[in-house]
Amino acid sequence: MSRSLRSLGVSGITGGLGRQNPQLSGLALFWAPGRPSPPNQRQWQPCWTVRTAFFVSDSASTPVSAAATAMTPMERRASASLASIFALRMLGFFIVLPVLAEFARTLPGGEQGLLVGLVMGSAGLAQACLQIPMGWASDRFGRKLIIVLGFGCVILGALICVQAQDLYTMIAGRLLQGCGAVSAAISALVSDHTRESQRTKAMAMIGISIGMSFMVSLGLAPWLYAHQGMAGIFW
């Protein structure tokens, strides 16, 4: 009973017999068990004295200050900058998708569906194969170095795609773009610069940046393709 009352804010309970004393303006007199029986015991009734206190529950966790649950300025800057880098990388990956198949059909061999499919999926295939090795490399050689090398692969692959005159060259350029698999390195860098309690917020910022990149690419790619051609998208 004391545990259930304590969860309601009761800090102490004393049992015994009590009676009302008219000479003490309604204050109760108490007799605790173990003491000699009070005179005229019929006038005494069982009663409880209760001491109240601030709410403290046995199952309550230790209070946490608001400062401990907020991101520090350094964590906010790191998360925002890494989310921007991630968004730029994914924008380059997404922006070609709405029009790449249409462009591939204009190149020699464009009537072959398998080659057109390889143009579309070769970059994603390369990324899927290299995410774990690139993550391991970032652990050994440094996050920033791998991220820079990854973006270098993306830029070099785009230059090859701009100059491509057939689907095989386009596939080679797309494979090289996929070699810039920096997602694991960026995610690891986020973990390096944020506390564990703030990591979900940083990853949420990256997730928002990916969604925004996808949304912008779907609207921007057709307009660029109509006005600048495929070269304008890769540049």
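Cut-offs used in this document
- Residues numbered from 1 in each chain as written.
- Predicted model: local features only at pLDDT ≥ 70, side-chain atom pairs only at ≥ 80, totals over all residues.
- Heavy atoms only, no water.
- Axes fitted to C-alpha atoms, helices over the stretch in contact; angles between N-to-C directions.
- Helix = DSSP H or I, 4+ residues; strand = E, 2+ residues; numbered from the N terminus.
- Left-handed = near helix turned anticlockwise from the far one by under 90°.
- Contact = heavy atoms within 4.5 Å.
- Nonpolar A, V, L, I, M, F, W, Y, C, P; charged D, E, K, R; others polar.
- Core = buried A, V, L, I, M, F, W, Y, C linked by side-chain atoms within 4.5 Å.
- Buried < 20%, exposed > 50% of the residue type's maximum accessible area, 1.4 Å probe, protein only.
- Arc of directions from axis to C-beta.

(A) Spotlight on the packing of helix 7 (residues 183–193) against helix 8 (residues 199–234). Across the interface, helix 7 lies against helix 8 with an axial gap of 10 Å and an inter-helix angle of 145°. As for how helix 7 packs across helix 8, the hand of that crossing is right-handed. On helix 8, the residues that touch Ile186, Ser187, Val190 and Ser191 of helix 7 are Arg199, Ala202, Met203 and Ile206. Across the contact of helix 7 with helix 8, the residue classes break down as 5 nonpolar, 2 polar and 1 charged.

(B) Representation of the nonpolar core within the structure. In this structure, Met170, Met230 and Phe234 are the most contacted members of the largest nonpolar core, which totals 22 residues. Looking at this core, the elements that each hand over two or more residues are helix 3 (97–104), helix 4 (113–141), helix 5 (143–163), helix 6 (167–178) and helix 8. Here this core gets 5 residues from one element, more than from any other, and that element is helix 8. Those residues within four positions of methionine 170 in sequence are excluded, and the remaining contacts are Leu100, Phe103, Leu107, Val119, Cys161, Ala164 and Phe234.

(C) Region of the structure containing the environment of proline 222. Checked against the element boundaries, proline 222 lands in helix 8. Proline 222 sits in the partly exposed class, given a relative accessible area of 39%. Proline 222 sits 123 residues away from valine 99 along the chain, and the two C-alpha atoms are 6.7 Å apart. Once residues lying within four places of it in the same chain are set aside, the contact partners of proline 222 are Val99 and Ser217.

(D) Local environment of helix 3. Looking at helix 3, one finds that the buried residues are Val99, Leu100, Phe103 and Ala104. All buried residues of helix 3 fall inside an arc of 140° around its axis, so they share one side.

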